[in-house]
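# Coordinate inspection notes
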Amino acid sequence: MRHFLFCVAFLALAACGGAEPVWAPDDQVTRARFVSGEPTSITLFTVTRVKDGAGAHSGLLINGSQVIMFDPAGSWHHPALPERNDVHFGVTPKVVSFYIDYHARETFDVHEQTVLVSPEIAETVMRRAMAYGAVPKANCTRAISTILHGTPGLEQVGVTWFPNRLRAEFAKLPGVTTRTIRDDDADDNHGVLIVQQGDPRLG
């Protein structure tokens, strides 16, 4: 319960932000499409508070027939990337770096867990994320865990409200690789978005 209340309290920070329905036009989504040459995979991002390790937010990177970021109820965005209900398209490695940099700061760490999956599993996770719809505030982890639990081959991941519980269950998947990103950026990290808007690498 403490972790859930924490997520609610920090909606405006790195954690669960607003979640109004968004639907980018087909041409923008098609134009932004990015296909990775890496093996198909899913990556869970968990944001935790440095002070006590409390879970604050969950995000899911899906590398299938294209690379998308499912950031349910998240506050991160980039104007050059089309979005449909918390699904961001055109997610290149540079975009992933921006996503991590936005969340990692002096008061929050970011934990990245990646597992290789079959193309079929990656596509199922992607379809479920695209179909989930706009996610209400404080429902970030529940949305991701629901999608994973409902995917054949990932049923062992239980449905939960709590970022750290999902992180612990995801860690049990075979072959997971993990890293933790720490940053000493000031807590008010929204200047990162300003930098992104003028970055020619995302133009």
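Heads up: the structure comes first, above all this text.
Attention in this report is confined to the structure presented alongside it. (Residues numbered from 1 in each chain as written. Predicted model: local features only at pLDDT ≥ 70, side-chain atom pairs only at ≥ 80, totals over all residues. Heavy atoms only, no water.)

## Structural notes on the nonpolar core
In plain terms, the rule: In this text, buried Ala, Val, Leu, Ile, Met, Phe, Trp, Tyr and Cys residues form a nonpolar core when linked through side-chain atoms within 4.5 Å. Throughout this description, buried means an accessible area under 20% of the type-specific maximum (1.4 Å probe, protein chains only), exposed means over 50%, and partly exposed covers the range between. Comment: elements are numbered from the N terminus, with helices defined as DSSP H or I runs of at least four residues and strands as E runs of at least two.
Within the largest apolar cluster, 30 residues are counted, with the highest numbers of intra-cluster contacts made by Ile42, Leu60, Ile62, Phe70, Val125, Leu148 and Phe170. Elements with a minimum of two residues in this core: helix 2 (26–32), strand 1 (41–49), strand 2 (55–63), strand 3 (67–70), strand 5 (87–89), helix 4 (119–132), helix 5 (140–149) and helix 6 (163–170). Here this core gets five residues from one element, more than from any other, and that element is helix 4.

## Considerations on the side chain of His103
What counts here: Identification of polar contacts relies on pairs of N or O atoms within 3.5 Å, with a donor-acceptor requirement for protein atoms, meaning one able to donate a hydrogen and the other able to accept it, and with residues adjacent in sequence counted only if both atoms are side-chain atoms.
Relative to the helices and strands, His103 resides in helix 3 (residues 93–103). Polar contacts involving the side chain of His103 include one to the main-chain carbonyl oxygen of Tyr99, which spans 2.8 Å.

## Section: the pattern of salt bridges
Opposite charge on two side chains allows them to pair when their charged atoms are near. Put simply, the rule is: Salt bridge, as used here, is a side-chain nitrogen of Lys or Arg placed within 4 Å of a carboxyl oxygen of Asp or Glu.
The full count for this structure, using the stated rule, is five salt bridges. Close ionic contact of Arg49 with Asp52 constitutes a salt bridge, the shortest N to O distance being 2.3 Å. Classification of Asp52 by relative accessible area gives partly exposed; the value is 33%. Among the salt bridges present, the one from Arg179 reaches Glu112, with a minimum N-O distance of 2.8 Å. Of this pair, Arg179 sits in strand 7 (residues 177–181) while Glu112 sits in strand 6 (residues 108–116), and the two are 67 residues apart along the sequence. Residue classification places Glu112 among the buried positions, given a relative accessible area of 14%.

## Focus on the packing of helix 5 against helix 6
Put simply, the rule is: Here, axes are lines fitted to C-alpha atoms. For helices the fit covers the stretch in contact, and angles between N-to-C directions go from 0 to 180 degrees. Working rule for angles: under 35 degrees goes down as roughly parallel, over 145 as roughly antiparallel, 65 to 115 as roughly perpendicular, anything else as oblique. Left-handed describes a crossing whose near helix is turned anticlockwise from the far helix by less than a right angle; the clockwise case is right-handed. We call two residues contacting when some pair of their heavy atoms lies within 4.5 Å.
Two elements in contact, helix 5 and helix 6, have axes separated by 9 Å at closest approach and are oriented at 25 degrees. Overall, the two elements helix 5 and helix 6 adopt an arrangement that is roughly parallel. Once helix 5 is placed against helix 6, the crossing between them reads as left-handed. Across the interface between the two elements, Thr141, Ile144, Ser145 and Leu148 of helix 5 pack against Pro163, Leu166 and Phe170 of helix 6.

## With respect to unusual backbone geometry
A positive phi angle, close to 55 degrees, is found at Ala73, a residue other than glycine. As for its position among the elements, Ala73 is in the loop between strand 3 and strand 4 (83–84). By relative accessible area, Ala73 is classed as buried at 0%. Phi at Ala138 takes a positive value of approximately 70 degrees, unusual for a residue other than glycine.

## Looking at the sheet that holds strand 5
What counts is decided by this rule: Paired strands, in this sense, are two strands between which DSSP finds at least two bridges.
Spatially, 4-5-3-2-1-6-7 is the arrangement adopted by the seven strands of the open sheet, whose pairing is antiparallel. The open sheet has two edge strands with one neighbour each: strand 4 and strand 7. Across two bridges, the pairing between strand 4 and strand 5 is antiparallel. Bridging across to strand 5, Arg84 finds its partner in Val87. Lying on the sheet, helix 5 is in contact with strand 1, strand 2 and strand 3; it crosses strand 2 at an angle near 40 degrees. Contacts between helix 6 and the sheet are confined to strand 1, strand 2 and strand 6, with strand 1 contributing the most and set at about 140 degrees to the helix.

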